[in-house]
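# Chains, contacts and geometry: an overview
Each chain, letter by letter, is given below.
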Amino acid sequence: MPLDIIIGTQWGDEGKGRITDLMAAEADVVARYSGGDNAGHTVTVGDEVFKLHLIPSGVIHKSATCIIGNGTVVNPAVLIREMDALKARGVDVGPGRLKLDSKAHLITPAHIAMDIAKETQRGSGAIGTTQRGIGPAYTDKTSRVGLRAGLFADPEGLAAAVKAHITEKNLMLTKVYDAQPLEIEPVVAQFAQYAQRLRPHLVDGSVYLNEALDAGKSILAEGAQGTFLDLDHGTYPFVTSSSPTAGGALIGLGIGPKRVGRIVGITKAFTSRVGSGPFPCQLEGALASRLRGTGANPWDEFGTTTGRPRRVGWLDMVMVRHAARINSLTELAVTKLDILSGLEQLSVCVAYELNGKRIGYYPQDLEQLAQCKPVYETVDGWMEDVTSIRQMADLPENAQRYIRFIAEASGIPVTFISVGPGRDQVIYG
Ligand code: GDP
Ligand code: IMO
Ligand code: MG
């Protein structure tokens, strides 16, 4: 059985957790491969709402084993808190069920302090990070000084590594960023406790996952963030510090490309972005407020991790095509179609105008991107509530047209249409 991959095609928050939860019903293993608790994935099952940051969304199904892969960065305090919250709700998060790759990198309080100090120093040029220590933890990984989860199996090595790490970061914090140092011993003691709790969950993820595939099991890789937050392919430097794209799934789990089956691009029926950086189709005013919602519903456009209002705009097919190319998408899942009900006309960006010329690609140069004006096609909307519809043929004609438009403009078939956050609120295309 193959490795199926779920990818965000925009700037995150497309509904990856929601689609992972659907697909996890068929999966033996569900794996996170990039990012850390900067992610916020919401899954709604009946009256229950689960907000997950690190633990794969497959955990809510009783069947799937969950693994946090080598490509992630893990704050052990957050992981333990999330485990405890799930356990209190009757979800099994024991070592047989939830595994942590020994090669995943650890986020420490010093990484968080560095993230905040760097953002403060950037001033008006701040990235708008989630301040979860993601960038500094990946920086340590690539600088080859990071702390890996495998240290939880080596108490003495862990204590020495944490001590050296905080000592070095304190120098940076005080001498470069004029920030407060951290007390070393409390962090060493905390990490010793985390080690005791998390040691039984450690595995060599690549071995575990490849053996599962060899045994005929299926793996679902749950992307975090989105293609345009990718360190290489996103709107650099307004990106995250990992590779939330299909290639990142292979590196972040230690699985080779021949194993890949479906690559599902999750596309919200409009676009959102939280944090700074370019957004050619961004809307302001009443229409933006309408798409964002007021915050009264759990699905309104406010960050799951930070609570920040998300910037919103029309659907941008230049982005979706770019995501299709980078990730070799085999299919699309369109989410939040229900939010568009009641809008008389919808605009979809099909190209950009750059210096008077029409272009169909996403410029990598941010100055060029800033000059791009969206070229919109306008399509008629629909008034009907679609949240109870379960068949494509029962959707209003204009909603069906909107979905066909997305499939044709991207060249990728739409196989899921989500019409609400609930598990059953889906139409299979
Ligand atoms: P993720 O980060 O990609 O997993 O997405 P988030 O969970 O951060 O944000 C998506 C939000 O939209 C969540 O609150 C979901 O429950 C909700 N959601 C997902 N699909 C739909 C849908 O089709 N309709 C509505 N109304 N909400 C949805
Ligand atoms: P999910 O998985 C939306 C954004 C941050 C910021 C930039 C860098 O829920 O879709 P970081 O803390 O990673 O250094 O921040 O990336 N960002 C996300 N935006 N959804 C996410 O995850 C995000 N993870 C990071 O807002 O702009
Ligand atoms: Mg999210």
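Along every chain, residues carry numbers that run from 1 in the direction the sequence is written. The order in which chains are written sets their letters, starting at A; the order in which ligands are written sets their numbers, starting at 1. Per-residue local features are limited, in this predicted model, to residues with pLDDT of at least 70; the limit for side-chain atom pairs, both in listing and counting, is 80 or more; totals at the level of whole chains, interfaces and linings are taken over all residues. As a rule here, side-chain values cover all heavy atoms of the structure and leave hydrogens and water aside.

Only when DSSP finds a minimum of two bridges between them are two strands counted as paired. Helix and strand definitions here come from DSSP, where helices need a minimum of 4 consecutive H or I residues and strands a minimum of 2 consecutive E residues; each element is numbered from the N-terminal end. Here we have 10 strands laid out as an open sheet, ordered 9-7-5-2-10-1-11-15-19-20, and mixed in their pairing. Every interior strand has two partners, whereas the edge strands, strand 9 (202-203) and strand 20 (426-428), have only one. As paired strands, strand 7 (residues 98-101) and strand 9 are joined by two bridges and run parallel to one another. Within the sheet, the bridge partner assigned to Leu100 lies in strand 9 and is Leu202. Whether two residues are in contact is decided by their heavy atoms: any pair within 4.5 Å suffices. Simply put, an axis is a line fit to the C-alpha atoms, just over the touching stretch for a helix, and the angle between two N-to-C directions goes from 0 to 180 degrees. In the packing of helix 7 (residues 205-214) onto the sheet, contacts are made with strand 1 (3-8), strand 2 (29-32), strand 5 (65-68), strand 7, strand 9 and strand 10 (219-222), and the angle to strand 5 comes to roughly 145°.

So, on to the site of ligand 2. Taken together, 21 residues are adjacent to ligand 2, and Asp13, Lys16, His41, Thr130 and Thr240 come closest. What qualifies as a polar contact is a pair of N or O atoms within 3.5 Å, subject to a donor-acceptor requirement within protein and to the restriction that residues adjacent in sequence count only when both atoms come from side chains. With respect to ligand 2, the backbone of Gln225 contributes an N or O atom lying 2.8 Å from an oxygen atom. The contact in question runs from an oxygen atom of ligand 2 to an N or O atom on the side chain of Arg308, over 2.9 Å. Per-residue and other accessible areas were derived by the Shrake-Rupley procedure at a 1.4 Å probe size, with only the shown protein chains allowed to occlude residues. Considering ligand 2 on its own, with 550 Å² of exposed area, one finds that the protein chains cover 98% of that surface. Using a 2 Å cut-off from the grid points, one finds that ligand 2 occupies the largest pocket. Residue classes in the shell around ligand 2 are distributed as eight nonpolar, 10 polar and three charged. Any residue with at least one heavy atom within 4 Å of a molecule or strand is counted as near it. Cavity means a closed set of points on a 1 Å grid over the protein atoms alone, one where a 1.4 Å probe fits but cannot get out, pocket means an open set with protein on both sides within 12 Å along at least 5 of 7 lines, and lining means a residue has an atom within 4 Å of a point. Cavities and pockets are treated as containing a molecule whenever more than half of the molecule's atoms lie within 2 Å of their grid points. Each residue is assigned to one class: nonpolar for Ala, Val, Leu, Ile, Met, Phe, Trp, Tyr, Cys and Pro, charged for Asp, Glu, Lys and Arg, and polar for all the others, Gly among them.

Let us now look at the nonpolar core. Residues Leu337, Leu340 and Tyr402 are the most contacted members of the largest nonpolar core, which totals 58 residues. Residues in contact with Tyr402, not counting those within four places in the same chain, are Ala269, Leu315, Leu337, Leu340, Leu346, Val348, Val379 and Trp382. Throughout this description, the term nonpolar core refers to a set of buried Ala, Val, Leu, Ile, Met, Phe, Trp, Tyr and Cys residues connected via side-chain atoms within 4.5 Å. Here's how the labels work: a residue is buried when its accessible area is under 20% of the maximum for its type, exposed when over 50%, partly exposed in between, all with a 1.4 Å probe on protein chains only. Within the second largest apolar cluster, 50 residues are counted, among which are Ile68, Val188, Tyr194 and Val264.

As used throughout, domain bounds are those supplied by an automatic or database domain assignment. When the domains of the chain are assigned, the result is domain 1 (3-101 + 203-265), domain 2 (105-198) and domain 3 (267-428). Computed from C-alpha coordinates alone, the two centres of domain 1 and domain 3 are separated by 23 Å. In short, buried area is how much 1.4 Å probe accessible area vanishes from two parts on joining, totalled over both. Note on domain 1 versus domain 3: buried area summed over both sides is about 3,300 Å², and carbon and sulfur give 57% of it. Per-residue buried area on domain 1 facing domain 3 is highest for Gln10, Trp11 and Arg18; these three make up 21% of the total on that side. Salt bridge, as applied in this entry: a Lys or Arg side-chain nitrogen positioned within 4 Å of an Asp or Glu carboxyl oxygen. Scanning the region where domain 1 abuts domain 3 turns up three salt bridges. Across the pair Glu331 and Arg262 runs a salt bridge, and its minimum N-O distance is 2.8 Å. Taken together, domain 1 and domain 3 are joined by 22 residue pairs in polar contact (both at pLDDT 80 or more). Going through the elements one at a time, helix 1 (16-24), strand 3 (41-45) and strand 11 (260-268) are the ones with two or more residues in the side of domain 1 that touches domain 3. Grouping the constituent residues of the side of domain 1 that touches domain 3 by class yields 16 nonpolar, 17 polar and eight charged.

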